Amino acid sequence: MLATKLLDHIAAQFLDGETDGLESQTPLFELNIVDSAAIFDLVDYLKQETQLNIGMQEIHPGNFASVDAMVSLVERLQTEQA
């Protein structure tokens, strides 16, 4: 499941592997878990996991605010690119 993989990736990359309190709706920017530079790591990860093309117009904090937001982005792009 993509949400679980994203949670694991975020924990490994940005929280020293710590998953306590990290959930799919956790506000990643508000809690300073990720910053604007980290979006590009997350974009690369999503591209690798989903084989989707994520255009520059999709790369903004709203689409990466939480794991749920990223899953919604992927689902929308899968529908659009199908």
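Look above for the structure.
Note that this is a predicted model, so its numbers are computed, not measured. (Residues numbered from 1 in each chain as written. Predicted model: local features only at pLDDT ≥ 70, side-chain atom pairs only at ≥ 80, totals over all residues. Heavy atoms only, no water.)

*Asks:* What am I meant to see in the overall build of the chain here?
*Replies:* Along its length, the chain carries 3 helices and 0 strands. Along the chain, from the amino end to the carboxyl end, the secondary structure elements read α-α-α. Taken against the 2.2 N^0.38 rule, which gives 12 Å for 82 residues, the C-alpha radius of gyration of the chain at 12 Å falls within 12% of a compact globule. Over its C-alpha atoms, taken along the principal directions, the chain stretches across nearly 35 × 25 × 20 Å. The buried share of the chain, reckoned over its 82 residues, is 43%. Within the chain, residue pairs in contact and separated by at least 24 positions form 53% of the contacts whose partners lie at least 6 positions apart. Surface accessibility of the chain: about 4,800 Å² in total, with carbon and sulfur atoms responsible for 48%. (Helix = DSSP H or I, 4+ residues; strand = E, 2+ residues; numbered from the N terminus. Rg over C-alpha atoms; globule rule 2.2 N^0.38 Å. Buried < 20%, exposed > 50% of the residue type's maximum accessible area, 1.4 Å probe, protein only. Contact = heavy atoms within 4.5 Å. Areas by Shrake-Rupley, 256 points an atom, 1.4 Å probe, with all protein chains shown as cover.)

*Asks:* I'm lost on unusual backbone geometry in this one. Help?
*Replies:* Negative phi characterises most residues that are not glycine, and trans characterises most peptide bonds. For aspartate 16, which is not glycine, the phi torsion reads 50 degrees and is therefore positive. Note that aspartate 16 resides in the loop between α1 (2-14) and α2 (38-50). Positive phi values are uncommon outside glycine, yet glutamine 51 reaches one of about 60 degrees. Inspection of the secondary structure assignment puts glutamine 51 in the loop between α2 and α3 (67-81). The exposure class of glutamine 51 is exposed, given its relative accessible area of 65%.

*Asks:* Please explain the packing of α1 against α2 as it appears in this structure.
*Replies:* Helix-helix packing: each pair is described by the crossing angle between the helix axes and the interaxial distance. For the pair α1 and α2, the least separation of the axes is 11 Å and the interaxial angle reads 140 degrees. Regarding the angle of α1 to α2, the classification is oblique. Handedness of the α1/α2 crossing: right-handed. Of the residues in α2, those touching α1 at Leu2, Lys5, Leu6, His9, Ile10, Gln13 and Phe14 are Ala38, Asp41, Leu42, Tyr45, Leu46, Glu49 and Thr50. (Axes fitted to C-alpha atoms, helices over the stretch in contact; angles between N-to-C directions. Parallel < 35°, antiparallel > 145°, perpendicular 65-115°, else oblique. Left-handed = near helix turned anticlockwise from the far one by under 90°.)

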